[in-house]
Amino acid sequence: MELHYYLHDVAGYINWLYFFHTWGFPARYGSISHIHGCEACRSSWLLSFPKEEQEKAHEAIRLYDEAQAMLRQLDGTYQTHALVELLEANGDGDDILCHPRTRLPMLRQQHGDECLCWADFLLPADSNQKDTMGVYATSVDEGIVSNDDEYHHLLSQTLADRLAEATAERMHETVRRELWGYAKEERLSVEEMFLEKYVGCRPAVGYPSLPDQSLNFLIDELIDMKRIGIQLTESGAMRPHASTSGLMFRHPKARHFSIGNIGNDQLSDYARRRGMPEDTMRRFLAANLS
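Residues numbered from 1 in each chain as written. Predicted model: local features only at pLDDT ≥ 70, side-chain atom pairs only at ≥ 80, totals over all residues. Heavy atoms only, no water.

Engineer: I'd like to hear about the overall build of the chain, residue by residue, with values.
Structural biologist: Each helix and strand counted, the chain has nine helices and eight strands in total. In terms of overall dimensions, the chain has a C-alpha envelope of 65 × 40 × 40 Å along the principal axes. Considering only intrachain contacts with a sequence separation of at least 6, the fraction spanning at least 24 residues in the chain is 70%. Summed over all atoms, the accessible surface of the chain reaches about 14,400 Å², with 48% contributed by carbon and sulfur. (Helix = DSSP H or I, 4+ residues; strand = E, 2+ residues; numbered from the N terminus. Contact = heavy atoms within 4.5 Å. Areas by Shrake-Rupley, 256 points an atom, 1.4 Å probe, with all protein chains shown as cover.)

Structural data, given as structure tokens:
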């Protein structure tokens, strides 16, 4: 299924803490996004900072205002997009079996007490009961990113990145409450969504629990990312840069985790299951190899 949004449909789902982090601001400056725009409220917010930090806080206000102005300027001309499919799936060892025949090999933690793997959060194939998993991708219209000058290029790029993530947040809410419908009664604020108070989990490719970027090739086979304008490079990177992809689970205990370091034994096994040379997988998983 394709979902398309105007910028004002997803702007309220932007996590401004990460926007400000990209610009080198500590997280506390991102709280400007929660402050009423009147002069009194902003003055009170500024005075909450020590005197030596107030100049930096003024910079945060200016940056936030310029980002909001750019969003208003872009709205109506550009959109964001999501692809989502709900697939019959089961866990099969460390693989996710997407019926009828697609396998998504997963990695498993080799340290700690739980040794988690995403395949654990689906009913096992030998249970003879079908389970469901979501697969998704989101992106933005490429023209959102300005090439006018270095500052506006960076501002529009960081906004585009946040809009792609905001689209995933909005899409996931729609999936939980309507398309999949396993949480029809959910009523969460956006801040509660950022804290992942919902049931289930939405791991993204490239993050610590799905570190293998080449998984994008398998996801592309399942949902055809070109439908929303995403192209993959030879390394599995997505273009436009402001794009996300990943999986969705409804299991009540599903949560984010980090694969961390893996041994050569798992590297060899994973490469075999992916049907790729071990040296190739070593490049994709370099950060996870001791």
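We are not done yet, so read on.
Engineer: Give me the pairing of strand β8 (residues 243-248): which residues, what numbers.
Structural biologist: Summarising burial for β8: six of the six residues are buried, a large majority. Where strand β5 (residues 131-140) meets β8, six bridges bridge the pair, whose relative direction is antiparallel. Bridge assignment links valine 135 to a residue of β8, and that residue is leucine 247. (Buried < 20%, exposed > 50% of the residue type's maximum accessible area, 1.4 Å probe, protein only. Pairing = 2+ DSSP bridges.)

Engineer: Just give me the short version of the nonpolar core, but keep the residues and values in it.
Structural biologist: Counting residues in hydrophobic clusters, the biggest one holds 45 residues, and the most contacted among them are Trp16, Phe19, Phe20, Trp45, Leu163 and Met171. Elements represented by at least two residues in this core include exactly β1 (2-6), α1 (7-10), α2 (16-22), α3 (39-47), α4 (54-74), β2 (79-92), β5 and α5 (150-179). Excluding anything up to four places from it in sequence, phenylalanine 19 contacts Leu63, Ala67, Leu155, Thr158, Leu159 and Arg162. Of all hydrophobic cores here, the second largest spans 41 residues; its members include Val205, Ile219, Leu267 and Tyr270. (Core = buried A, V, L, I, M, F, W, Y, C linked by side-chain atoms within 4.5 Å.)

Engineer: Describe the side chain of threonine 167, with residues and values.
Structural biologist: Among the structural elements, threonine 167 can be located in helix α5. Its relative accessible area of 0% is what places threonine 167 among the buried residues. For threonine 167, the contacting residues outside a window of four places in its chain are Tyr5, Val10, Thr80, His81, Ala82 and Thr138.

Engineer: Can you lay out a nonpolar patch on the surface for me, pointing to particular residues and giving the numbers?
Structural biologist: Together, Met1, Leu86 and Leu179 give the surface a local cluster of nonpolar side chains, amounting to about 230 Å² of exposed area. Within the element layout of this structure, leucine 179 appears in helix α5. Residue class for leucine 179 comes out partly exposed when judged on its relative accessible area of 33%. (Patch = residues over 30% accessible without salt bridge, like charges linked within 9 Å, V, L, I, M, F, W, Y side chains within 5 Å. Salt bridge = Lys/Arg side-chain N within 4 Å of Asp/Glu carboxyl O.)

Engineer: Describe the packing of α3 against α4, listing the residues and the values that go with them.
Structural biologist: Closest axis-to-axis distance for the α3/α4 pair is 9 Å, and the angle between their directions is 140°. In terms of orientation, α3 and α4 fall into the oblique class. α4 is crossed by α3, and the crossing has right-handed handedness. Between α3, through Arg42, Trp45, Leu46 and Leu47, and α4, the contact on the second element is made entirely by Gln54, Ala57, His58, Ala60, Ile61, Tyr64 and Asp65. A class-by-class count of the residues in the contact of α3 with α4 yields seven nonpolar, two polar and two charged. (Axes fitted to C-alpha atoms, helices over the stretch in contact; angles between N-to-C directions. Parallel < 35°, antiparallel > 145°, perpendicular 65-115°, else oblique. Left-handed = near helix turned anticlockwise from the far one by under 90°. Nonpolar A, V, L, I, M, F, W, Y, C, P; charged D, E, K, R; others polar.)

Engineer: How would you explain α5 if you had to name every residue and give the values?
Structural biologist: Its 30 residues give α5 an end-to-end C-alpha distance of 41 Å, which sits within 8% of 44 Å, the value for a rise of 1.5 Å per residue. Near the N-terminus of α5, the side chain that reaches the backbone nitrogen of tyrosine 151, with its oxygen 3.1 Å away, is that of aspartate 149. (Expected span 1.5 Å × (residues − 1). Polar contact = N/O pair within 3.5 Å; in protein donor to acceptor, adjacent residues only side chain to side chain.)

Engineer: Outline α4, supporting the account with residue identities and numerical values.
Structural biologist: One turn of an α-helix holds 3.6 residues; hence residues three or four places apart share an orientation. Here α4 contains 21 residues, and its C-alpha end-to-end distance of 30 Å stays within 8% of the 30 Å for a straight helix at 1.5 Å per residue. Considered for burial, the residues of α4 that qualify are Ala57, Ala60, Ile61, Leu63, Tyr64, Ala67, Met70, Leu71 and Leu74. Next to the buried residues of α4 lie α1, α2, α3 and α5. Looking one or two residues beyond α4, the residue adopting positive phi is glycine 76, at roughly 95°.

Engineer: Any details on the side chain of threonine 138? Residues and values, ideally.
Structural biologist: The residue threonine 138 is located in strand β5 in this model. At a separation of 2.9 Å, a polar atom in the side chain of threonine 138 contacts the main-chain carbonyl oxygen of alanine 164. Among the polar contacts listed, one links the side chain of threonine 138 to the side chain of threonine 244, at a separation of 2.6 Å. The residues contacting threonine 138, other than those within four sequence positions of it, are His81, Ala82, Ala164, Thr167, Ala168, Met171, Ile228, Ile230, Ala242, Ser243 and Thr244.

Engineer: Describe in detail the packing of aromatic side chains, supporting the description with residues and values.
Structural biologist: Counted by the stated rule, this structure contains 12 aromatic pairs. Pairing tryptophan 16 with tyrosine 64 gives two aromatic rings, centres 5.0 Å apart and planes at 80°, and the pair type is edge-to-face. With tryptophan 16 in helix α2 and tyrosine 64 in helix α4, this residue pair connects regions lying 48 residues apart in the sequence. Exposure class is identical for tryptophan 16 and tyrosine 64. Each is buried. Consider the rings of phenylalanine 25 and tyrosine 29, whose centres lie 5.8 Å apart with planes at 65°: the pair is edge-to-face. We classify tyrosine 29 as buried; its relative accessible area is 3%. An aromatic cluster is built from Trp16, Phe19, Phe20, Phe25, Tyr29, Trp45, Phe49 and Tyr64, whose rings are joined through pairwise contacts. A cation sits over an aromatic face here: lysine 56 above phenylalanine 25, 4.5 Å from the ring centre. (Phe/Tyr/Trp six-rings, centres within 6.5 Å; stacked < 30°, edge-to-face > 60°. Lys NZ or Arg CZ within 6 Å of the ring centre and 35° of its normal.)

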